[in-house]
Each structure stands twice: as C-alpha cells, then as structure tokens.
2 protein chains.
Amino acid sequence: MNYVSVVSRLVTMENFAAPGDFVDAARQGWAKARPELDVSSIEVMGRITRIGALVTQRVEHDLAPEDITRAEFDLLCTLARSGRPLRASEVTAATMLSGASTTKNADRLARRGLIERLPSERDGRVVLLQLTADGHALVDRTFPNFLARDQELLSGLTAREQAALAELLRKVAMNLEVRH
Amino acid sequence: MNYVSVVSRLVTMENFAAPGDFVDAARQGWAKARPELDVSSIEVMGRITRIGALVTQRVEHDLAPEDITRAEFDLLCTLARSGRPLRASEVTAATMLSGASTTKNADRLARRGLIERLPSERDGRVVLLQLTADGHALVDRTFPNFLARDQELLSGLTAREQAALAELLRKVAMNLEVRH
DNA sequence: ACAATCTATTTTACTAGTAAAATAGATATG
DNA sequence: CATATCTATTTTACTAGTAAAATAGATTGT
C-alpha cells in the first residue's frame with residue numbers, strides 16, 4: 001500500500017462512515033485526541049468487553065419471554081451441566097455474582113419450582129441447590145437455542161478460525177484467572 | 001495423539017483438577033451431562049463473556065479509589081477521544097447504556113465538575129456534554145494505567161497472536177453489530 | 001400558522017446486584 | 001468441654017441501571 005492509498009483510506013474512514021466496528025472508531029478517536037498513547041490493546045480488550053456486553057444484552061432479550069433473568073438462567077445451566085447438587089458457594093464461584101445474589105436468584109427459582117434447596121448431611125451450614133424436573137425441562141428446551149444463536153455469530157469464521165480464536169482466548173482467560 | 005494419550009488426558013483432566021480455564025471445565029460438564037449437544041460455540045462465546053465480566057470487575061475495582069464507576073469513566077473516555085462535545089444521545093449510543101443512565105451519570109459527573117452540559121444552538125432539545133479541565137486531567141492521569149493493565153493481560157501472546165486475535169474478534173464484532 | 005406528530009432528554013417507579021452485618025453451624029485450642 | 005474463632009448462607013440497607021411516562025422543543029402536512 002503506497003502513500004496515496006493510505007491517505008485515501010484515512011480520508012474515506014473519517015469522512016464517509018464505516019470504519020469497521022466500534023473499536024476501530026474508538027481507536028481512531030484516540031489516535032487523533034492522544035496520538036502519544038499506545039492504545040493497541042483495545043483492539044483485543046475493547047472488542048472483548050464490547051462483544052460481551054452485546055451478547056449479554058441479546059441473551060437477556062431472548063430470555064424475557066421465559067420471564068427469567070440471565071443470572072437465573074446461568075444458575076440453572078450451572079446446575080444442569082454439573083450433574084449433581086451444588087453448594088450455594090459453588091454456584092457463586094461459577095456465576096461471577098456475589099453470594100447475596102445467589103441467595104436471591106435461588107429464592108426466586110425455588111419459588112417458581114425450578115430448583116430445590118437441600119440440606120447437606122455433612123455440614124448444617126451448607127445449602128445444596130439442585131434442579132427440579134421443571135428446571136431440567138426449561139434448560140433442555142431453551143439452552144439449545146442459545147447454542148444455535150452463538151453458532152450463528154461465529155458463522156463468518158471458518159472452523160479453523162474458530163479453533164484459533166478459542167485457543168487465543170483460552171490463553172487470555174488463563175492469564176486472567178490466575179490473578180483471581 | 002493415539003488412543004492411550006487421549007484417554008490419559010481425559011482421565012487427568014477429570015480426576016486431577018486444572019482442566020484449563022473456566023470454559024474447559026464447563027464444556028466437560030456439558031459433555032457428560034448432555035453428550036448429544038454440540039457446545040463447541042462456548043469455546044469462543046463463553047470465554048468472551050467470561051473475560052469481559054472479569055475485566056469489567058477489575059476495572060471497577062481499580063476505579064474505586066477515584067470514587068467513580070466504570071460507566072462514568074466510560075462516559076469520560078468517550079468524550080476524551082471524541083475531541084468535541086457530544087450529544088447525550090451520542091454518548092448513550094457509544095456506552096451501551098440507556099438514555100436514563102446517561103442522564104444520571106452526566107448529573108453526577110457535572111456535580112463533581114468533571115463535565116459540563118451545554119445547550120445546542122441548533123436544537124433546543126439537545127444537551128451537549130463536554131469535559132472540563134478537571135475531567136481531561138482525570139482521563140490523562142488514569143487512562144494510561146488501564147492501557148498498561150490491558151497490555152499486561154495480553155503479555156502471554158506474541159504481537160502476531162495479538163493481531164490475529166484482534167482481527168478474528170473484529171469479524172465477530174461486525175457480525176454482531178449489523179444485527180443492532 | 002397551527003395542530004398533529006416526532007424526537008431528545010429527564011423524571012419516576014421499579015428491578016438487579018452488592019457490601020457489610022447478622023445468623024447459625026463447624027472447628028480448633030487450651 | 002467450653003469458648004473462641006472460622007465458615008456458609010441469609011438479611012439489610014444501599015447503589016446502578018432501566019422501561020415507560022413526562023417534558024419540551026422540532027418538524028410536517030395542510
């Protein structure tokens with residue numbers, strides 16, 4: 001790419017919209033406003049938080065007809081994939097919410113008959129949470145739709161690209177999780 | 001990899017902890033609980049939402065000493081990189097929050113003297129938001145720290161890997177953004 | 001020009017999430 | 001074998017975010 005095409009690309013991007021995605025626009029903004037800053041890391045981290053927020057909103061929207069929040073659905077899915085009753089504290093660790101939220105979400109799901117609270121035989125402080133038949137049914141009915149929606153989002157990528165992306169994200173995730 | 005090594009890897013991962021990151025554990029759970037489901041898409045989407053949530057929490061924690069929320073900081077950074085006063089509705093579009101939240105956040109930031117509200121000359125309904133000198137100073141003082149933290153998270157990846165990751169994420173982001 | 005309609009922001013009334021205190025059961029120590 | 005300390009969960013008191021109503025200014029059609 002020569003000087004002219006670089007310039008014409010910049011002019012195009014500034015004056016005639018469509019500079020790629022949200023993060024491309026943000027990066028261009030920083031390049032102009034604070035040219036001395038190296039903002040290259042937002043190419044990855046900005047996109048991750050942006051995509052994460054958009055996907056979360058979409059999931060919430062799709063769950064509205066079930067009259068269930070994303071956090072409650074997350075709790076149900078955590079129990080569904082664990083195959084055994086989990087302690088409230090295990091659910092808290094898996095869902096990234098506070099213990100107080102786990103109590104609240106478990107209350108609402110129990111009132112709706114989607115989960116049950118069991119006492120632990122070993123430890124009287126512990127509350128075990130497990131899906132009821134209705135809870136299992138809800139997960140079995142709705143979870144595949146979310147998988148399909150996710151696949152759709154990745155449909156622009158080849159299988160090889162999806163695998164490469166997953167592997168790169170695993171590295172970032174592991175780096176992040178070791179720091180708590 | 002032969003049959004034995006596959007089996008030994010599975011056994012290792014099930015019985016001796018450390019199956020990689022959070023998503024590896026979740027995927028194994030689904031594989032056992034619902035072997036008929038193709039949950040491969042969570043390798044990407046699950047990691048994006050997980051990393052997004054962890055990074056968001058970390059940013060909130062790091063902003064606590066400034067007595068400012070992540071949403072407020074996001075508003076300040078949006079103004080800082082735009083280089084001109086923005087309409088409240090432009091800020092709303094950039095921050096992924098509701099208009100009501102923009103009003104609330106702008107209220108608090110204006111009370112603290114970090115932004116100013118200006119009337120638009122063209123349209124009496126419009127409120128323009130712009131940084132004060134104090135607001136600029138706060139962004140200049142703190143934003144570089146967040147860039148450094150983000151770079152640290154990506155330090156396990158080569159420059160080539162970071163570029164590949166950014167490019168793959170851009171594809172996903174653009175696919176998502178065209179669907180609103 | 002003037003009602004009808006549209007649009008940008010704010011206000012109101014509400015829900016979700018949290019930190020810290022309270023509660024209750026387990027464990028350790030003298 | 002108490003009693004002090006630790007741990008798991010719940011309750012309380014609060015903050016952040018939102019949808020929908022209210023407000024106020026712009027636009028459109030006649």
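Overview of the structure. (Residues numbered from 1 in each chain as written. Chains lettered and ligands numbered in written order. Predicted model: local features only at pLDDT ≥ 70, side-chain atom pairs only at ≥ 80, totals over all residues. Heavy atoms only, no water.)

1. A closer look at the overall build of chain A
Argument step 1. Within chain A, the regular secondary structure consists of eight helices and three strands.
Argument step 2. Starting at the N terminus and walking to the C terminus, you meet the elements of chain A as α-α-α-α-β-α-α-β-β-α-α.
Argument step 3. Relative to its 180 residues, chain A shows a buried fraction of 42%.
Argument step 4. In chain A, the share of contacts with a sequence separation of at least 24, taken over all contacts with a separation of at least 6, comes to 46%. (Helix = DSSP H or I, 4+ residues; strand = E, 2+ residues; numbered from the N terminus. Buried < 20%, exposed > 50% of the residue type's maximum accessible area, 1.4 Å probe, protein only. Contact = heavy atoms within 4.5 Å.)

2. Describing unusual backbone geometry
All names here are of chain A.
Argument step 1. Of note in this structure, Asp67 is not a glycine but carries a positive phi near 55 degrees.
Argument step 2. Structurally, the position occupied by Asp67 is in the loop between helix H3 (42–63) and helix H4 (70–82).
Argument step 3. For Asp67, a relative accessible area of 47% puts it in the partly exposed group.
Argument step 4. Backbone geometry at Met96 places phi at a positive 65 degrees, although glycine is not the residue there.
Argument step 5. Residue position: Met96 is located in the loop between helix H5 (88–95) and helix H6 (99–111).

3. What about the relation of the copies chain A and chain B?
Mapping between the two chain copies consists of a rotation about an axis together with a translation along that axis.
Argument step 1. Note on the copies: chain A fits chain B at an RMSD of 0.0 Å, the axial shift is 0.0 Å, and the rotation between them is 180 degrees. Here the symmetry operator amounts to a two-fold rotation axis. (Least-squares fit on C-alpha atoms with pLDDT ≥ 70 in both.)

4. Re the protein's contact with DNA strand C
Argument step 1. Inspection of the region around DNA strand C gives 21 residues, with Ser101(A), Lys104(A), Gly124(A), Ser89(B) and Thr103(B) positioned closest.
Argument step 2. Considering DNA strand C, the proportion of its atoms within 4 Å of the protein that are sugar or phosphate atoms stands at 66%.
Argument step 3. Here a phosphate oxygen of DNA strand C and a backbone polar atom of Ser98(A) are 2.9 Å apart.
Argument step 4. Within the backbone of Ala88(B), one N or O atom sits 3.2 Å away from a phosphate oxygen of DNA strand C.
Argument step 5. Grouping the constituent residues of the surface near DNA strand C by class yields seven nonpolar, eight polar and six charged. (Near = heavy atom within 4 Å. Polar contact = N/O pair within 3.5 Å; in protein donor to acceptor, adjacent residues only side chain to side chain. Nonpolar A, V, L, I, M, F, W, Y, C, P; charged D, E, K, R; others polar.)

5. Here's the deal with the interface of chain A and chain B
Argument step 1. Counting residues at the interface gives 65 residues for chain A and 65 residues for chain B.
Argument step 2. When the two sides are added together, the surface that chain A and chain B hide from each other amounts to roughly 6400 Å², 68% of it contributed by carbon and sulfur.
Argument step 3. Among the residues of chain A in contact with chain B, Trp30(A), Arg81(A) and Met96(A) are the three that bury the most area, contributing 11% of the side total.
Argument step 4. Linking chain A with chain B are ten salt bridges.
Argument step 5. Joining chain A to chain B, the criterion identifies 18 residue pairs in polar contact (both at pLDDT 80 or more).
Argument step 6. Mapped by element, the contributors of at least two residues to the side of chain A that touches chain B are helix H2 (22–33), H3, H4, H5, helix H7 (133–153) and helix H8 (159–178) of chain A.
Argument step 7. Taken together, the residues of the side of chain A that touches chain B sort by class into 35 nonpolar, 14 polar and 16 charged. (Buried area = accessible area lost by both parts, 1.4 Å probe. Salt bridge = Lys/Arg side-chain N within 4 Å of Asp/Glu carboxyl O.)

6. Some words on the environment of Gln130(A)
Residues and elements named next belong to chain A.
Argument step 1. For Gln130, the position within the fold is in strand E3 (residues 127–131).
Argument step 2. Remark: the alpha-carbon pair of Gln130 and Glu116, spanning 14 residues in sequence, is separated by 5.4 Å.
Argument step 3. For Gln130, the residues in contact, after removing those within four places along its chain, are Leu79, Pro85, Ile115, Glu116 and Leu118.

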